[in-house]
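Summary of the model geometry
So you can see what is in the structure, the chains are spelled out below.
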Amino acid sequence: MHLKIAILPGDGIGPEIMQQGTAVLDAVASKFGHVMEYKQATCGAEAIDLVGDPFPVDTYETCLWADAVLFAAVGDPKYDNNPTALVRPEQGLLAMRKKLGLYANIRPVQTFKCLLHMSPLKDNLIENADFVCIRELTGGMYFGEKYQDNDKAYDTNYYTRPEIERIMRVAYEYARRRKRHVTLVDKANVLASSRLWRLVAKELETEYPDVVTDYMFVDNASMRMLTEPTFFDVIVTENTFGDILTDEGSCISGSMGLLPSASTGEKTPVFEPVHGSWPQAAGKNIANPVAQILSAAMLLEHFGLSEEGALVRKAVDASLAANVRTPEIQVEGGAHYGTKEVGQWIVDYIKRS
């Protein structure tokens, strides 16, 4: 297979972990006879500094050229700490989602047996936790009408029936490939937008009689995720709730550096780690590349390359079991491995398998 891939390293640790992600793709391509054609583009703070736009037209055109986008992270303290900044790196991420029509964000949450002790939760709570968060990505408060002056501000949590229907169908199709259980998370006891979500979901539920559907308020869901994460199979929710819950879920595994994600929709799909740009670690060779590498695995699987994706996952599991880990998840007294060393170990495993 010949895949055209847009590479968006972004800011902070992005370029370092991206090198490991593409190295893994190259190792897979060599082993299985595929061709990976890359085209790199700028985004985030880097793009603002270069052209004043966090998602330039050239970057958008590169994404349209590609079969898939492999993205790392955006963000920079000089914008985070300036509340008056009109242009911010994260606006580039929102623009990419909107322009590519990426309405479905898929974030798997899983635990690794050898890392259960790293989680802030007790081992008996998280063992065998394995669920997927399906987050609506192009609607809600992040994209609704906004206003701010010195005395008042508002963000409009706007949703339409078609937006809700399409993301609910994504959730149901994922559930059919898993344990056939969907949980809609909303705040229907307070928010009108949530009541529309629940109304539409109740109607669609009858089309998927083979899937168990339940409904949970977001405050209850946030607690249940910490007290009984094994309850969930597929969680589906709106943009703001999804942003918060998926970050909460990522902590279950013990490190945000372990979990990948995919964003799909109308145009080119995007695959990215769930963590941020961690600018304080940039250039220090300490960032965990596993989430970026597993994002590459999701990219492969999206195009039906299940054997290739499975090998990448096997290599990651083997590296963790062998204590080839970056400092934040290394066992006490374990050898030091940096971003490059972990990536190279996984590449070597793929090559010799």
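Residues numbered from 1 in each chain as written. Predicted model: local features only at pLDDT ≥ 70, side-chain atom pairs only at ≥ 80, totals over all residues. Heavy atoms only, no water.

Attention now goes to the overall build of the chain. Within the chain, the secondary structure is distributed over 13 helices and twelve strands. Dimensions of the chain, computed from the C-alpha atoms along their principal axes, are close to 55 × 50 × 40 Å. The proportion of buried residues among the 353 residues of the chain is 54%. Residue pairs at least 24 apart in sequence account for 75% of intrachain contacts in the chain once pairs closer than 6 positions are excluded. Of the roughly 15,100 Å² that the chain leaves accessible, carbon and sulfur atoms contribute 53%. Taking the average place of the 35 positive charges on the side chains of the chain and the average place of its 47 negative ones, the gap between the two points comes to 3 Å. (Helix = DSSP H or I, 4+ residues; strand = E, 2+ residues; numbered from the N terminus. Buried < 20%, exposed > 50% of the residue type's maximum accessible area, 1.4 Å probe, protein only. Contact = heavy atoms within 4.5 Å. Areas by Shrake-Rupley, 256 points an atom, 1.4 Å probe, with all protein chains shown as cover. Lys, Arg positive; Asp, Glu negative; His and termini not counted. Charge placed at Lys NZ, Arg CZ, Asp CG, Glu CD.)

With that settled, the discussion passes to the layout of surface pockets. The volume enclosed by the largest pocket comes to roughly 670 Å³. Lining the largest pocket we find 31 residues, and of these Met256, Val274, His275, Gly276 and Ser277 sit closest to its centre. Those elements giving two or more residues to the lining of the largest pocket turn out to be β3 (68–73), α5 (89–99), α10 (239–250) and β12 (270–273). Taken as a whole, the second largest pocket holds about 520 Å³ of empty space. Ile106, Tyr174, Met298, Glu301 and Arg313 are, among the 19 residues lining the second largest pocket, the residues nearest its centre. For the lining of the second largest pocket, the secondary-structure elements that each account for two or more residues are β4 (104–110), β5 (130–136), α7 (161–176), β11 (260–264) and α11 (290–302). A breakdown of the residues in the lining of the second largest pocket according to their chemical character gives ten nonpolar, four polar and five charged. (1 Å grid on protein atoms, 1.4 Å probe; cavity = no way out; pocket = protein on both sides within 12 Å on 5 of 7 lines; lining within 4 Å. Points joined across faces, edges and corners; volume = space filled by probe spheres on them. Nonpolar A, V, L, I, M, F, W, Y, C, P; charged D, E, K, R; others polar.)

Given 3.6 residues to a turn, an α-helix orients residues that are three or four positions apart in the same direction. In a regular helix each residue adds 1.5 Å, so 14 residues correspond to 20 Å; helix α8 (residues 192–205) covers 20 Å between its end C-alpha atoms and thus fits that length. Every buried residue of α8 is accounted for by Ser193, Ser194, Trp197, Val200, Ala201 and Leu204. All buried residues of α8 fall inside an arc of 125° around its axis, so they share one side. The elements touched by buried residues of α8 are β5, α7, β8 (181–186), β9 (212–217), β10 (234–237) and α10. (Expected span 1.5 Å × (residues − 1). Arc of directions from axis to C-beta.)

Counted under the stated rule, the structure contains seven aromatic pairs. Measuring from centroid to centroid gives 5.9 Å for Phe131 and Phe232, while their planes differ by 55°, and the two rings are tilted. Taken together, the residues span a long stretch of sequence, with Phe131 in strand β5 and Phe232 in the loop between α9 (218–227) and β10 at a distance of 101 residues. Of the two residues, Phe131 and Phe232, neither departs from the other in class, the shared state being buried. An aromatic cluster is defined as three or more aromatic residues linked by ring pairs; in this entry it consists of Phe131, Phe231 and Phe232. A cation over an aromatic ring shows up here: Lys39 above the ring of Trp65, its NZ or CZ 4.4 Å from the ring centre. (Phe/Tyr/Trp six-rings, centres within 6.5 Å; stacked < 30°, edge-to-face > 60°. Lys NZ or Arg CZ within 6 Å of the ring centre and 35° of its normal.)

This brings us to the side chain of Thr62. On the secondary structure map, Thr62 appears in helix α3 (residues 57–65). Among all residues touching Thr62, those that are not within four sequence positions of it are Ala6, Lys39 and Ala41.

Right, let's get into the sheet that holds β8. Strand order across the open sheet formed by ten strands is β2-β1-β3-β12-β11-β4-β5-β10-β8-β9, with mixed pairing between neighbours. The open sheet terminates on both sides in strands that have one partner only, identified here as β2 (35–40) and β9. Ignoring strand direction, the axes of neighbouring strands in this sheet form an average angle of 25°. When strand β1 (residues 2–10) meets β3, the two strands line up parallel, connected through five bridges. Opposite Gly10, over in β3, you have Ala73 as the bridge partner. The strands touched by α5 are β1, β3, β5 and β12; relative to β12, the strand with the most contacts, the crossing angle is about 150°. Those strands touched by α9 are β5, β8, β9 and β10, and its axis lies near 105° from that of β9. (Pairing = 2+ DSSP bridges. Axes fitted to C-alpha atoms, helices over the stretch in contact; angles between N-to-C directions.)

The phi angle at Asn285 is positive, at roughly 60°, despite the residue not being glycine. Following the sequence through the fold, Asn285 ends up in the loop between β12 and α11. One non-glycine residue, Asn323, lies in positive phi territory at about 60°. If you trace the backbone, Asn323 turns up in the loop between α12 (306–321) and α13 (339–352). Residue Asn323 is classed as partly exposed on the basis of its relative accessible area of 27%.

Moving on, we get to the pattern of salt bridges. Within this structure, the stated rule accounts for 19 salt bridges. Between Lys78 and Asp49 there is a salt bridge, and its shortest N-O distance comes to 3.0 Å. With Lys78 in helix α4 (residues 77–80) and Asp49 in helix α2 (residues 44–51), this residue pair connects regions lying 29 residues apart in the sequence. Overall, the relative accessible area of 47% leaves Lys78 in the partly exposed class. Since its relative accessible area comes to 49%, Asp49 is described here as partly exposed. Note that Asp130 is salt-bridged to Arg178, the shortest N-O span being 3.5 Å. (Salt bridge = Lys/Arg side-chain N within 4 Å of Asp/Glu carboxyl O.)

Residue placement: Tyr172 occurs in helix α7. Separated by 30 residues in sequence, Tyr172 and Tyr142 have C-alpha atoms that sit 24 Å apart. Tyr172 has contacts with Val182, Ala201, Leu204, Glu205, Tyr208, Val211 and Thr213, leaving out every residue within four places of it along the chain.

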